[in-house]
There are 2 protein chains.
Amino acid sequence: MPKHPGSQRREALREQLRLPEGERIDLAGYDARATPGAPDGKQAGLADTARSGRRLARLQERLWAAGTAGDRRRLLLVLQGMDTSGKGGTVKHVIGQLNPSGCRIKAFKAPTEEERRHDFLWRVRRALPEAGEIGIFDRSHYEDVLIARVRHLARPAEVGSRYGLINDFERSLAEDGVTLVKCFLHISPEEQKRRLLRRLDRPDKHWKFTPDDIEERALWPAYQEAYELALERCATPYAPWYLVPADRKWYRNWAITRLLLEHLRELDPRYPEPGFDLAECRERLLEQP
Amino acid sequence: MPKHPGSQRREALREQLRLPEGERIDLAGYDARATPGAPDGKQAGLADTARSGRRLARLQERLWAAGTAGDRRRLLLVLQGMDTSGKGGTVKHVIGQLNPSGCRIKAFKAPTEEERRHDFLWRVRRALPEAGEIGIFDRSHYEDVLIARVRHLARPAEVGSRYGLINDFERSLAEDGVTLVKCFLHISPEEQKRRLLRRLDRPDKHWKFTPDDIEERALWPAYQEAYELALERCATPYAPWYLVPADRKWYRNWAITRLLLEHLRELDPRYPEPGFDLAECRERLLEQP
């Protein structure tokens, strides 16, 4: 690609962030402040994110256009990570670069009574992107092997069975034309503490805080273990996990923008050919007053 | 407001664009290229739109934050207008300035079989914004008195009864905390012809065109009449109609951004007070490793 010197190196971000399949993961071994593959420094990173974001928006339009003509492909970005890791910030800054018409965003909270009456994938199936759309999950079905495991919200055997069910589900999505981009936003406990304290210090951030966040933080080791298991068991060829170092917000936004861009480039959606006679339509239009 | 000289004049945009209630409307009397209330020229308009868009995004965050603390208020932008009048462009350029997490966008197409089995407002109720959200309807329940009237998709008496049903429905929304901002994007037939021809000329725009657009355009006078009736009968104190001249895209985006800003300023949403003891939480956090 002679037009974008350096892009060769950057095209490999998927490979740099992709977690191995079926191997034990030690999250403590990953530096949350790292910036693998990024341009040199924050300013260059911000500029490159904006540039990539514009390319991404153009490809999104093609995906959408193709979807209007029968191309059933779509993309699903799954965001997981500890509190304050930046799932909401990713939606605001990365997805905010796209045309909102083509985005289907779902933030999963504690399941409602109705949702609890169904299997854990029921509510997830109802929130999937349709043809041509980019779906975004802020939390997801992975909560059912994360908080469910740590907080004992289901019997251990039941939680244990869910990894396989998730893999089956994600395989069926992939076979149905869904490109899965699963991102684990990896922050350090120190950075989380800083961010929580900031929420307490700033009146315009109080609303993002609840005292539960402190109880959750006390369970940090149990959550890391639950994540390690989920990342090990559910990193598959058809639905890989990407570990995104997230202590630096600019890097997180840059990396996820690039990951989306790389995947959409590979999909290479095309504007559909017109299914009608252009010249005849032009003539009929010109005849009208 | 000494901080924003000139804003006094501009605060009045709502009043400038608001259609009278219960009066006969003659759409031919409104210039689609007009730019009422706008800054002087396109460049100034674009800059002012960006500035207003940033303010709008800040107010949107407050609305959302208030919604997490029991404030049930929300806003619903209804976009109506002839083909190519810029409903989709408004979502892209105006709503694209907001945090997509807080936006609930629904584009209404021809009703599905399931939707046709219910009353015409059924699908609309299911797409309403929730507390703290900004809802956007690209087309709406008004199609049921527009294309339904022009194309005889329902008996005349049935269409006739819908104006009152719409008013009752919108009144109930307003009483339930929904601020309705209904915008009619007013374009001229000449501008529509130009835009349709452009869709035929550009391969990246073919997908936006169907030969049906030509048949629809041939019914221009019938559609204008149907719009005039709807605007006359459904402009109410609790759900006014705004006529937005839309031949100039920059003006359309500027005006709708300003209308939303004026309405959100009036709502004046506030960050909620914390429902917990800040000092105690800070202490507990600092004690954690």
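Let us look at the structure shown here. Note that the structure is predicted; figures quoted are calculated from it, not measured.

About the criteria used
Residues numbered from 1 in each chain as written. Chains lettered and ligands numbered in written order. Predicted model: local features only at pLDDT ≥ 70, side-chain atom pairs only at ≥ 80, totals over all residues. Heavy atoms only, no water. Contact = heavy atoms within 4.5 Å. Buried area = accessible area lost by both parts, 1.4 Å probe. Salt bridge = Lys/Arg side-chain N within 4 Å of Asp/Glu carboxyl O. Polar contact = N/O pair within 3.5 Å; in protein donor to acceptor, adjacent residues only side chain to side chain. Helix = DSSP H or I, 4+ residues; strand = E, 2+ residues; numbered from the N terminus. Axes fitted to C-alpha atoms, helices over the stretch in contact; angles between N-to-C directions. Parallel < 35°, antiparallel > 145°, perpendicular 65-115°, else oblique. Nonpolar A, V, L, I, M, F, W, Y, C, P; charged D, E, K, R; others polar. Pairing = 2+ DSSP bridges.

**Side note on the interface of chain A and chain B**
In step 1: Counting residues at the interface gives 39 residues for chain A and 39 residues for chain B.
In step 2: Interface area for chain A against chain B, summed over the two sides, is near 4000 Å², with a carbon-plus-sulfur share of 65%.
In step 3: Ranking the residues of chain A by area buried against chain B places Trp207(A), Ile214(A) and Leu285(A) at the top, with a combined share of 18%.
In step 4: At the boundary of chain A with chain B, the tally comes to 6 salt bridges.
In step 5: Asp201(B) is the partner of Arg282(A) in a salt bridge, and the nearest nitrogen-oxygen pair spans 3.0 Å.
In step 6: Applying the counting rule to chain A against chain B returns 14 residue pairs in polar contact (both at pLDDT 80 or more).
In step 7: Put simply, the parts of the chain that give the side of chain A that touches chain B at least two residues each are α3 (42-67), α4 (87-93), α9 (189-201), α10 (212-218) and α13 (278-287) of chain A.

**A closer look at the packing of α13(A) against helix α9 (residues 189-201) of chain B**
In step 1: Put simply, α13(A) and α9(B) touch, their axes get as near as 10 Å, and they point 170° apart. By the criterion of interaxial angle, the relationship of α13(A) to α9(B) is roughly antiparallel. Two secondary-structure elements touch here, α13(A) through Leu278(A), Cys281(A), Arg282(A), Leu285(A) and Leu286(A) and α9(B) through Lys193(B), Leu196(B), Leu197(B), Leu200(B) and Asp201(B).
In step 2: Classifying every residue of the contact of α13(A) with α9(B) gives 7 nonpolar, no polar and 3 charged.

**With respect to the sheet that holds strand β1 (residues 74-81) of chain B**
Residues and elements named next belong to chain B.
In step 1: Read across the open sheet, the 5 strands follow the order β2-β3-β1-β4-β5; overall the sheet is parallel. Bordering the open sheet on either side are β2 (103-107) and β5 (241-245), each of which pairs with just one other strand. Taking the axes of each pair of neighbouring strands and ignoring which way they run, one obtains an average angle of 20° across the sheet.
In step 2: Of the pairings in the sheet, the one linking β1 to strand β4 (residues 178-186) comprises 8 bridges and is parallel in character. Of the residues in β4, the one forming a bridge with Leu75 is Thr179.

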